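Residue-level structure breakdown
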Amino acid sequence: MNNVKIEDNKVIIVLNPLLYPIEKIKKAALDFEKVGKINVKQDSSIKVTIAPKVAVGINEIGFQFCDYILSLIQTRL
Amino acid sequence: MIEENALKNIELHEGFVLISVNPKLYPLSVIYAAAYAMLDRVHVIIDGDPETEILVELRAKSKDEDLKEIAYCFNDELINYSIYTIQAARNKKLRETIVENALRGNLRDSIPLEADIADPEGIKKVKTPRKEEISDKKECLS
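Every chain is numbered independently, its residues counted from 1 as its sequence is written. For this description, chains carry letters from A and ligands carry numbers from 1, given in the order in which they are written. In keeping with the model being predicted, local features are shown solely for residues with a pLDDT of at least 70 and side-chain atom pairs are shown and tallied solely at 80 or more, while totals for entire chains, interfaces and linings include all residues. Each side-chain value is derived from all of the structure's non-hydrogen atoms; neither hydrogens nor water enter the calculation.

This brings us to the interface of chain B and chain A. Taken together, the contacts link 23 residues of chain B with 17 residues of chain A. Here's the idea: put two parts together, see how much 1.4 Å probe accessible area each one loses, and the total over both is what we call buried area. For the pairing of chain B and chain A, the buried interface totals around 1800 Å² over both sides, and the portion due to carbon and sulfur atoms is 66%. A 3.5 Å cut-off defines polar contacts: any pair of N or O atoms within that distance qualifies, except that in protein one atom must be a possible hydrogen donor and the other a possible acceptor, and neighbouring residues in sequence count only when both atoms are side-chain atoms. Our count for the contact surface shared by chain B and chain A stands at seven residue pairs in polar contact (both at pLDDT 80 or more). Among the secondary structure elements, those contributing two or more residues to the side of chain B that touches chain A are α1 (28-37), β4 (42-49) and β5 (53-60) of chain B. Taken together, the residues that form the side of chain B that touches chain A break down as 16 nonpolar, three polar and four charged. Every residue pair with non-hydrogen atoms within 4.5 Å of one another is taken to be in contact. Numbering goes from the N terminus for both helices and strands, where a helix is a DSSP run of H or I of at least four residues and a strand is a run of E of at least two. For this classification, the nonpolar set comprises Ala, Val, Leu, Ile, Met, Phe, Trp, Tyr, Cys and Pro, the charged set comprises Asp, Glu, Lys and Arg, and every other residue, Gly included, is treated as polar.

In a beta sheet, neighbouring strands pair by backbone hydrogen bonds and run either parallel or antiparallel. Residue and element names in this part refer to chain A. Spatially, β1-β2-β4-β3 is the arrangement adopted by the four strands of the open sheet, whose pairing is antiparallel. Unpaired on one side and paired on the other, β1 (4-7) and β3 (36-42) mark the two borders of the sheet. Averaged over all pairs of adjacent strands, the angle between their axes in this sheet comes to 20°, without regard to strand direction. Sheet topology note: the β1/strand β2 (residues 10-15) ladder contains four bridges and is antiparallel. By the bridge assignment for β2, Val 4 is matched with Ile 13. For two strands to be treated as a pair, DSSP must find at least two bridges joining them. Helix axes use the C-alpha atoms of the stretch in contact, all axes being lines fitted to C-alpha atoms, and the angles between their N-to-C directions lie in the range 0 to 180 degrees.

These figures capture arrangement, not role.
Written as structure tokens, this is what we have:
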């Protein structure tokens, strides 16, 4: 699956709104603000763009973001 | 490199494993719970259609992890949480009753003391033989 991509030192995460509720994504984006600049766009899918302050392990940040949303879904249902 | 299992619901790729889950067999809450249980070993991304097929991508955090073993472990977790959910639904009434009784504990009438229980037949009284009766019996025996 190509949900996590890197473009111009930014990580782009594409998520299904039926599986990842938008309010959880917004909460995760707020909590990840210290990592870098975050932009959330929603149409048929949700596109999250993270521009990390430190350009190391950018891909890893994307996966960590997805894990964090999952933990928000699971622990605060 | 793509390797599949007999059920063809596990696809092994380079660096990650893709698992297809039928949402009619495993509800979304169970899939979330199973994925959450694996978070210490893998990164998880969930995609697909919640009505027909859910795809779970598991990407190992450590290079030492065996992806095939992780995939089977995830399937075990799915069964584990399914059973937990079913049992929780079955025991719901019992759990509610136990909690209700536990919370009501202090409000319930206290257990009456022994002195308060009426004993019109004299059943509670312990009958011990008097000293004279014991000595009479000893004389008879000798």
